[in-house]
Amino acid sequence: RYEPTWGSLDTRPLPAWFDEAKFGVFIHWGVFSVPSFGSEWFWWYWQKEKREPYVKFMDTNYPPGFSYEDFGPLFTAEFFDPNQWADILKASGAKYVVLTSKHHEGFTLWGSKYSWNWNAVDVGPKRDLVAELATSVRNRTDLHFGLYHSLFEWFNPLFLEDATNAFKTRKFPTSKSLPELYEIVNKYQPEIIWSDGDGNAPDTYWNSTGFLAWLYNDSPVRDTVVTNDRWGAGSICAHGGFYTCSDRYNPGHLLPRKWENCMTLDRSSWGYRRDARLPDYLSIEDLVKQLAETVSCGGNLLMNIGPTHDGRIAVVFEERLRQVGSWLKVNGEAIYGTKPWRAQNDTVTPGVWYTFSPKEGKVNAIFLNWPVSGILELGEPRAKFGETQVKLAGYKELLKWVALGEKRMVIALPQLTPQQMPCQWGWTLQLTEVN
């Protein structure tokens, strides 16, 4: 059993499924999807920081005295079809999904008994959005279902009172935040608890170690659940399950601890933005690059989309997710279930990232640029004459290669028309019998 101390909790091994999964989809959805302007931090930027674009947006488009709470009934979700969402998630090749059960605005996407009249069952959709998505994902896919939960709430009077008291009082966590966490675990049995938003309060204020000890020892998901590292000021990148370290974290080298790169398809927002332009979205080439870099360095990629207030996954998000899925159909062996190799990227040719498939004893070299010459030089694998074999994922025949000294090898790529290419963005060489 785990003690409610970081010393004890940090020794818990991460359930194996998480490292094998490699790729998940993050979904930021809430009342902020109604103004869908600027950022999911809309309320804070408008009311607290009074940023000019947000103030102007409200003055121009809404009547005087319109409050953020008035957006609640406009969060309608009339087009939300959880089966369709589940089918898109499945087509993306993702192995897990993380939904924002509650963001810093405090609005819960389930009918929480601790969030009276500020939840999706009482206000807006009048539906339990968490339950509906959980059911569809479990019935139609093999994805692990996870929930994001914000510890603090920007404008909750109880939290503000505790903050004024320098967190010596604990009214907010005992009456709101912790009861909600126990509620979502018991009710929905998520296999990921993605915590966030410590409000600059220490983990002792949140009683994070007490909650995690219960989660790991006695909860209905104690054997399979994974958690991140955002459990109070100072815990990020230091304590918890896998490390996130910062948003859009991509160190580019191997880390000693399991980590996750949580990033967004929209370069500047986690929530949906009606004012986003096409260049604001990452291209499929960008995404394949992020996935290859992240997995080769031992991380998982958690790619975020923001649905609309009426419950649609915008077509541009759906297209990107399906493109990643089609890439993984061809190159998935170089991603799922792999381990980092002794080298993460190539020393001679830039844009080549390595992973290792332990079961097959294969080294995978994911290369992002197809050389004009048709010749790819690799500086890391040590090929053995008469033993080493090189394959291109999605192409039947073996490729010819020549060793250059001890460490370098040159590989002749097949001459293919665009139609014959196994995929369009990023390719995988599978090397067997290399030292």
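Calculation notes
Numbers given for residues are sequential positions, taken from 1 along each chain in its written order. Local features in this predicted model are restricted to residues of pLDDT 70 or higher, and side-chain atom pairs are both shown and tallied only at a pLDDT of 80 or more, whereas totals for entire chains, interfaces and linings draw on every residue. With hydrogens and water excluded, all non-hydrogen atoms of the structure serve as input to the side-chain values. What counts as a helix is a DSSP run of H or I of at least four residues, what counts as a strand is a run of E of at least two, and both are numbered from the N terminus. Note that the radius of gyration is over C-alpha atoms, with the globule rule given as 2.2 Å times the number of residues to the power 0.38. In this analysis, two residues are considered to be in contact whenever any of their non-hydrogen atoms come within 4.5 Å of each other. For the area figures, the Shrake-Rupley method with a 1.4 Å probe applies, and any residue is considered shielded solely by the protein chains shown. Only four residue types enter the charge count, namely Lys and Arg as positive and Asp and Glu as negative; His and the chain termini do not. The atom standing in for a charge is NZ when the residue is Lys, CZ when it is Arg, CG when it is Asp and CD when it is Glu. Buried and open spaces are told apart on a 1 Å grid over the protein atoms alone, a cavity being a set of points where a 1.4 Å probe fits but cannot get out and a pocket being an open set with protein on both sides within 12 Å along at least five of seven lines. Residues with an atom within 4 Å of a point are the lining residues. Grid points are joined across faces, edges and corners, and a volume is the space filled by probe spheres set on the points. Note that Gly is not counted as nonpolar here; it falls among the polar residues with everything else outside the nonpolar set of Ala, Val, Leu, Ile, Met, Phe, Trp, Tyr, Cys and Pro and the charged set of Asp, Glu, Lys and Arg. Lines are fitted to the C-alpha atoms to define the axes, a helix being fitted only along its stretch in contact, and any angle between axes, read from their N-to-C directions, falls within 0 to 180 degrees. By definition in this entry, angles of less than 35 degrees are roughly parallel, angles greater than 145 are roughly antiparallel, angles of 65 to 115 are roughly perpendicular, and the rest are oblique. Crossings are assigned a handedness: left-handed for a near helix turned anticlockwise from the far helix by less than a right angle, right-handed for a clockwise turn.

The name that an unreviewed UniProt entry assigns to the protein is alpha-L-fucosidase, with the source organism given as Dicaeum eximium.

Quick look at the overall build of the protein now. Along the protein, the regular secondary structure elements total 12 helices and 14 strands. Taken over the C-alpha trace, the protein has a radius of gyration of 23 Å; the compact-globule value for 435 residues is 22 Å, and the two agree within 12%. In terms of overall dimensions, the protein has C-alpha extents of about 75 × 50 × 40 Å along its principal axes. Considering only intrachain contacts with a sequence separation of at least 6, the fraction spanning at least 24 residues in the protein is 70%. On the protein, roughly 18100 Å² of surface is accessible, and the fraction owed to carbon and sulfur atoms is 52%. Once the 45 positive and 50 negative side-chain charges of the protein are each reduced to a mean point, those two points are 3 Å apart.

If you add up the space inside the largest pocket, you get close to 240 Å³. In terms of lining, the largest pocket is formed by Glu-20, Glu-333, Tyr-336, Gly-337, Thr-338, Lys-339, Ser-357, Pro-358, Lys-359, Glu-360 and Lys-362. Residues of the lining of the largest pocket, tallied by class, amount to 2 nonpolar, 3 polar and 6 charged.

Moving on: the packing of helix α5 (residues 82-91) against helix α6 (residues 129-140). Here α5 crosses α6 at 50 degrees, and the two axes come no closer than 8 Å. Judged by the angle between their axes, α5 and α6 are oblique. Considering how the two elements wind past one another, α5 and α6 form a crossing that is right-handed. The segment α5 lies against α6, with Pro-82, Asn-83, Trp-85, Ala-86, Asp-87, Leu-89 and Lys-90 engaging Glu-132, Leu-133, Ser-136, Val-137 and Arg-140. Classifying every residue of the contact of α5 with α6 by side-chain character gives 6 nonpolar, 2 polar and 4 charged.

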